[in-house]
Amino acid sequence: MLRFILTRVSLIIPTFLGITLLAFFLIRLVPGDPIETLAGERGIDPARHEQLLKEYGLDKPIFVQYGIYLSRVLQGDLGKSMITQEPVLNEFKALFPATVELALCAILFALMIGLPAGIIAALRRNSIFDHGVMGISLTGYSMPIFWWGLILILIFSVQFDLTPVSGRIDVLYYIEPTTGFLLIDTLLSEEEGAFWSAVEHLILPTIVLGTVPLAVIARMTRSAMLEVLGEDYIRTAKAKGLSRFRIVALHALRNALIPVITVIGLQIGVLFTGAILTETIFSWPGVGKWLIDAIFRRDYPVLQGGALLLGVVVMSVNLLVDLAYGLINPRIRHTR
Amino acid sequence: MTTETMEAPAAAAPTATPPHPLREFWGYFSANHGAVAGLVIIVAVVLVALLADVIAPHDPNVTNTALALKPPFWQEGGSIAYPLGTDPIGRDILSRMIHGARLSLLIGIAVVAISIALGTVLGLVAGFFRGITEIFIMRLMDIVLTLPSLLLAIVIVAVLGPGLMNAMLAVALVILPHYVRLARAAVITETSKDYVTAARVSGAGTVRLMFKEVLPNCTAPLIVQASLGISTAILDAAALGFLGLGAQPPSPEWGTMLADAREFVLRAWWVVTFPGLAILITVLAFNLLGDGLRDALDPKLKR
C-alpha cells in the first residue's frame, strides 16, 4: 500500500512542473515587454523599468528565471494583483470557499438524482423510464451551461419570481466569514433569515453547475449496473432466493459503484471549469469569476497565479481520488 | 458520412456472401434511432449553413433601431417578417442564427481537423518510436488532460488575445490529447500484428508503415472521437464567445450572440433563448451521431 501511495504521489511531480512551466511561459507569450505588461497602460519611466527588470530577475537567462519563479511558487509567493496590490494567494484563499461550496452542492445534487435515476434505468432496461433518463442525460451532457443558467433565470427568477438572480446572499445581511462557507457561517451568525437567503441564492447555480455531472453520473451508473447485473454472482444471489432489494442494494450496487466513483472524481475537474461559467452568469464571488475579471482587467499576475492554483487544486483532487480508488479496490493497488 | 448513407441502400441485396461493409455498418447504425435523428439534424444544419445567403430573410448585420427588441411573430407586437424577433439593435435573430450555423460548423470542423492532423501524427510518432519520444509526448498530453479543458482554453486565449482564430486554436490544443492517445494505442496494438510484420519484412519504411499500413486500420475510433470532438469544439468555442473571448461582435456566432443579449434577459426572453437552443440541438446531434457511430463501428459491441 505504501508503495502504491508513493508511486502515485511521485507521478504528480512532472505534472506539477508542467503546470508551473505553462504558467511561467504564459506571461511571456503576451505580446510586448513583460514589465510594460505588468505596469499596465500607465507606462513606466526607464529608470524604474531597469530596476523592475532586476527585481523580477528578467535580465537573467530564461532557465534561471524559471528557477527563480519556481522557488517563489514553492514558497507560496505568486506575486501581487496589479489592481488591488494584494498577494494573489490571499485573494485566492478568500474566494476559494465560495467556489468549493458551490461545487460541493452541485456534486451532491448530481449524486442525489443521478445515482437513483441510473439504478432504476438499469433495472427497468428498455422501459420508457430508461429511454427518458438516457435522453435527458444526453441532453444534459450536451447542454451549453451558460445558456441553461440564463434560461433558469428566465423561468424561476423572471417568470415566477422565486429565486434571486445573482450573488451569494441578500445585501441585507452582513456575515463575518469564519469558515468561508456561507451555509455554515449563516447558521453560526444566528441572524434571522440569513441561512435561507444563502440557500435561495445557491439553488440555481447548483442546478446549472450540477447538470453535466448529473448526466454523466446517471449514464455511468446505468451502464455499470447493467454490466454487474449480468454477472454470475447476481445469478447465484437470485438462485439463493434473496430479495430483489438485497440483490440490488448489497450485491450489485457495491460493485457497480467502483467505476462510478472514478467518474465522480474526474467530474471534479470539470466542475471547476463549469464554475467559471456559472459564477460569471450568477455573479458568484468565487475564483472562476475572479479569473475572468482578471482577463478583462489585464491583471496578468492574477491570471497566472490563479490558473496555476486551480490547476494544482484539480491535480490534487485527482490524486486523492486515485488514492481512494486504490483503497476501495485492491485490484488496482496490486496490479501496478 | 453523407456519401456512406446514400450508398448504403443502393447496395446489392444480401445473398450467401457476407454483406458489404457499408451495408453492415448501415444496418447497425440505422438500428439506433437516436443516431439517425442526429444525422438528420446535422444534414439539416449543414444545408442551412450552405444556403445561408439564400434562405436568411434579412442581412444578419443590418441594424435598425426602430425595430429593436421585436418579439417573435406569435407574440403581440411581433411580425412574420422577423419570425424569431429582433435583437437590441434591430437585427433579425433568425437570420443571424442561420449565418451562425455556418460559423459553428466551421469552428467544429476546423478545430477537429487541426486536432486530428496534429494528434494522429504525434500519436503515430509516439507509438512507433517509443522510448524517450513517447514519454515526452505522452507526459505532455497528460498535463494538458489534467487541467480543466475550458480553463486551459481561457488561459490560452487570454494570452493570445480574444478572437475567433485564437479561440479555435485554443480549443484544438485542449482536445488534442484524446487523438494522440487513440492513435498511439491503436499503433501499439496494430504493430504487433502479422500484416505489419509482413510489410516491414518486404521492406516498407517507417513512414510508409505509419501512414499506409497502420493508420487506415485505426480510423474507426478516430471517426467516433471526431464526431464527439466536433460537439466539444462547438460547445467550448461558444462558451469562449459567451465570455467575450471567442468570436467578437458583430459576428453572428451563437455564443457571442448570447453574450450580446445577456443584459436583456429580463426584458426580452427571445434574444437569449433561440441562439442557445441552436447550440444545444447541434451539440446534441453530434453526440447522438458519435454514440451511434461508436456502436456501429466498435467490433467489441457487435453481437
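Residues numbered from 1 in each chain as written. Chains lettered and ligands numbered in written order. Predicted model: local features only at pLDDT ≥ 70, side-chain atom pairs only at ≥ 80, totals over all residues.

Visitor: Just checking my understanding: could you explain the UniProt feature "domain: ABC transmembrane type-1" (unreviewed entry) in chain B for this structure?
Guide: Those places that UniProt annotates as "domain: ABC transmembrane type-1" (unreviewed entry) correspond, in this numbering, to residues 101-290 of chain B. Helix makes up 82% of residues 101-290 of chain B and strand 0%, whereas the separation of the span's terminal C-alpha atoms amounts to 19 Å. (UniProt positions renumbered as here; feature names shortened; annotations may be inferred. Helix = DSSP H or I, 4+ residues; strand = E, 2+ residues; numbered from the N terminus.)

Visitor: Please clarify how the interface of chain A and chain B should be interpreted in this entry.
Guide: Each partner contributes to the interface: chain A provides 36 residues, whereas chain B provides 33 residues. Mapped by element, the contributors of at least two residues to the side of chain A that touches chain B are α1 (2-29), α6 (128-141), α7 (145-159), α11 (244-282), α12 (287-296) and α13 (300-328) of chain A. Looking at side-chain class alone, the side of chain A that touches chain B contains 27 nonpolar, nine polar and no charged residues. (Contact = placed C-beta atoms within 7 Å. Nonpolar A, V, L, I, M, F, W, Y, C, P; charged D, E, K, R; others polar.)

Visitor: I keep staring at the UniProt feature "transmembrane region" (unreviewed entry) in chain B and nothing clicks. Help me out?
Guide: Residues and elements named next belong to chain B. In the numbering used here, UniProt assigns the feature "transmembrane region" (unreviewed entry) to residues 35-56, 103-129, 149-176, 222-247 and 267-290. Its end C-alpha atoms 28 Å apart, residues 35-56 is made of 91% helix and 0% strand. When the span residues 149-176 is considered, its composition is 89% helix and 0% strand, and the gap between its end C-alpha atoms is 11 Å.

Visitor: Could you clarify how one ought to interpret the environment of Pro-87 of chain A in this entry?
Guide: Here Pro-87 of chain A shows up in the loop between α4 (62-74) and α5 (88-123). Linking Pro-87 of chain A and Leu-204 of chain A, residues 117 residues apart in sequence, is a C-alpha distance of 32 Å.

Visitor: It is not clear to me how the confidence of the model for chain B should be interpreted in this structure. Could you clarify?
Guide: For any part of a model where pLDDT is low, the fine detail of the predicted coordinates should not be relied upon. Residue and element names in this part refer to chain B. Per-residue confidence for chain B gives a mean pLDDT of 85, with 93% of residues at or over 70. Ignoring residues within four places in sequence, the model shows residues 1-12, a span with pLDDT below 50, making 11 contacts including any to other chains. Both scores are given for the predicted complex: the pTM is 0.85, the ipTM 0.84. (pLDDT = per-residue confidence, 0-100.)

Visitor: For this particular structure, what's the right way to read unusual backbone geometry?
Guide: A negative phi angle characterises most non-glycine residues, just as the trans form characterises most peptide bonds. Across the junction of Pro-249 of chain B and Pro-250 of chain B, the peptide omega takes the value 5 degrees, indicating a cis bond. Mapped onto the elements of the fold, Pro-250 of chain B is located in the loop between α11 (219-242) and α12 (254-261). In the Ramachandran plot, Asn-126 of chain A falls in the positive-phi region, its phi being about 65 degrees despite a non-glycine side chain. For Asn-126 of chain A, the location among the structural elements is in the loop between α5 and α6. Since 8 C-beta atoms lie within 10 Å of it, Asn-126 of chain A is described here as exposed. Look at Arg-130 of chain B: it is not a glycine, yet its phi comes out positive at around 45 degrees. Examined against the element boundaries, Arg-130 of chain B turns out to sit in the loop between α5 (93-129) and α6 (131-146). (Buried ≥ 20, exposed ≤ 12 C-beta atoms within 10 Å, placed from the backbone.)

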